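Chain and residue survey
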Amino acid sequence: MADELVLLDFWPSPFGMRVRIALAEKGIKHEYREEDLRNKSALLLQMNPVHKKIPVLIHNGKPVCESLIQVQYIDEVWHDQAPLLPSDPYQRAIARFWADFVDKKIYELGRKIWTTKGEEQETGKKEFIECLKLLEGELGDKPYFGGENLGYVDVVLVPFYSWFLAYEKCGNFSIEAECPKLIAWAQRCLQKESVSKSLPDQEKVYGFVLQLKKIFGIE
Amino acid sequence: MGEENKVILHGVWASPFSKRVELALKLKGIPFEYVEEDLQNKSPQLLRCNPVHKKIPVLVHNGKPIAESLVILEYIDETWKNSPRLLPKDPYKRAKVRFWTSFVQQQLFDTMFTVTKTEGEAQRKAVKEVSEKLQVLEEGIKELFPNGNPCIDSQNIGLLDIVILSLLGPHKVQEEVLGIKIIDPEKTPLIFAWLTAINQLTVVKEATPPHDKLVALLKFLRENSLKSSA
């Protein structure tokens, strides 16, 4: 029986992008369904009743939720193609540590940058850059966090690159000036079709953020 | 202990995150050296091993450090493959365990901290939130315990059991200090039965500090929080 895979997603979501990249890296056929988050589908609510959020990966009718869990699931089921996590337990632990770091810090700090002003925004910007510098340190001289090939941490982090222009414009700063190595890494990732086809254009995301600011009355 | 397979755990007896790792090592029968850290005066080894977060627990295996309790637990399970296996073999079942572990970690922990550190309206609101989340968990774990009877033993105990224990294992202590019912056997019978089953295990009993010590700790933490927010 052929595998049936459906991804419920929302185009600007960095969490959804992670799953798109993982599926594309492994060449896994799936159906992509765009959700309207102001009008969530019955399927989404049925498949993720706890959080009611995207992305939701539905594999032969069974839902898997939460992007880090989904990427690990994909890596474990389709373990023969393009492995994302290394096979050594210690290397896996390092990868999971940094994925957890990205999850704890990058989204919230990025959000702080585009939703606040003044001192709060300045603090957000400072901490955001500090986190990116720590990530640069972890990358070191490797082409990717995964070494010679795209790995778990690359997949988890690179989606936020599509939001960098929005952060820069809202925060009035340059990420490349502070973290040129990370920008070079992101552009290297974008050379891969799995990434370039999964990430929306930065201008498009910026336009979306401007719309959100209007809707939520954020200056 | 020989240099190969030398395991050191930097922890704090009062930390639920530290306790998780301690329990996992004991359940798998892994010999380890325990270093009790003073959080007001962190050891240079700890700061060297976890420069990013500077927190406990940190596991050091053969000189290599690992931080973040859930990352450590998965590392332990992948390195020492003896029973109990903390995660199931099947990828879908693993995803389910990770999902509920994440739910407890991200949804319940912070709200429980708020319950223990606040009073009045703020506390009432947090208690209501905990109650709602426990209902969601009660519903969710039904598929993990299909016969409605959680039978946990030292061979089948897993990641989710360890994580729920670290948060709500001491619910009797929490209820005594706060004067609030946290786990109601009538509202959440499955969670109540589950926690009772885990708390019965010998390894768990031995790793749990005495009731009075935990009561004193919680009282101290609560008083400190209320004082600093006053």
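Remember, predicted model here, so these are calculated numbers, not experimental data. Numbers given for residues are sequential positions, taken from 1 along each chain in its written order. Here chains are named by letter from A upward and ligands by number from 1 upward, in the order in which they appear as written. Since the coordinates come from a predicted model, pLDDT governs what is reported: local features require at least 70, and pairs of side-chain atoms require 80 or more to be given and counted, while whole-chain, interface and lining totals use all residues. As a rule here, side-chain values cover all heavy atoms of the structure and leave hydrogens and water aside.

Residues and elements named next belong to chain A. Pairing of aromatic rings covers Phe, Tyr and the six-membered ring of Trp, with a centre-to-centre limit of 6.5 Å; geometry is then stacked below 30 degrees between planes, edge-to-face above 60, and tilted otherwise. Overall, the coordinates contain 22 aromatic pairs over all chains when judged by the stated rule. With a centroid separation of 5.2 Å and 85° between ring planes, the pair formed by phenylalanine 97 and tryptophan 98 is classed as edge-to-face. Across the pair, exposure class does not vary: phenylalanine 97 and tryptophan 98 are buried alike. Note on tryptophan 163 and tyrosine 167: the rings are 6.2 Å apart at their centroids and 40° apart in plane angle, and the pair reads as tilted. Each residue's exposure class comes from its accessible area (1.4 Å probe, protein chains only) as a fraction of the maximum for that residue type: buried when under 20%, exposed when over 50%, partly exposed otherwise. Overall, tryptophan 163 belongs to the buried group, its relative accessible area being 8%. Relative accessible area serves as the criterion here: at 2%, tyrosine 167 is assigned to the buried category. Linked through ring pairs, Phe10, Trp11, Trp114, Phe128, Tyr161, Trp163, Phe164, Tyr167 and Phe208 together constitute an aromatic cluster.

With that settled, the discussion passes to the packing of helix 4 (residues 89–115) of chain A against helix 7 (residues 164–171) of chain A. Residue and element names in this part refer to chain A. Only the stretch in contact is used when fitting a helix axis, every axis being a line fitted to C-alpha atoms; angles between N-to-C directions are given from 0 to 180 degrees. The numbering of helices and of strands both runs from the N terminus, where a helix is a DSSP run of H or I of at least 4 residues and a strand a run of E of at least 2. Where helix 4 meets helix 7, the closest approach of the two axes is 8 Å, and the angle between their N-to-C directions is 40°. One way to sum up the angle between helix 4 and helix 7 is to call them oblique. As helix 4 runs across helix 7, the sense of the crossing is left-handed. Of the residues in helix 7, those touching helix 4 at Ile106, Gly110, Arg111, Ile113 and Trp114 are Tyr167, Cys170 and Gly171. Residues are sorted three ways: Asp, Glu, Lys and Arg are charged, Ala, Val, Leu, Ile, Met, Phe, Trp, Tyr, Cys and Pro are nonpolar, and all the rest, Gly among them, are polar. Partitioning the contact of helix 4 with helix 7 into residue classes produces 5 nonpolar, 2 polar and 1 charged. To sort the angles, those under 35 degrees are grouped as roughly parallel, those over 145 as roughly antiparallel, those from 65 to 115 as roughly perpendicular, and the leftovers as oblique. By convention the crossing between two helices is left-handed if the near helix lies anticlockwise of the far one by an angle smaller than a right angle, and right-handed if it lies clockwise. In this description, contact between two residues means that some pair of their heavy atoms is separated by no more than 4.5 Å.

Here the amide bond leading from Ile54(A) into Pro55(A) is cis, since omega sits at -5°, within 30 degrees of zero. Tracing the sequence through the fold places Pro55(A) in the loop between helix 2 (42–47) and strand 3 (56–59). Here the bond from Ser83(B) into Pro84(B) is cis, since omega is -5°, no more than 30 degrees from zero. Structurally, Pro84(B) can be placed in the loop between helix 3 (69–79) and helix 4 (91–117). One non-glycine residue, Lys52(A), lies in positive phi territory at about 55°. Relative to the helices and strands, Lys52(A) resides in the loop between helix 2 and strand 3.

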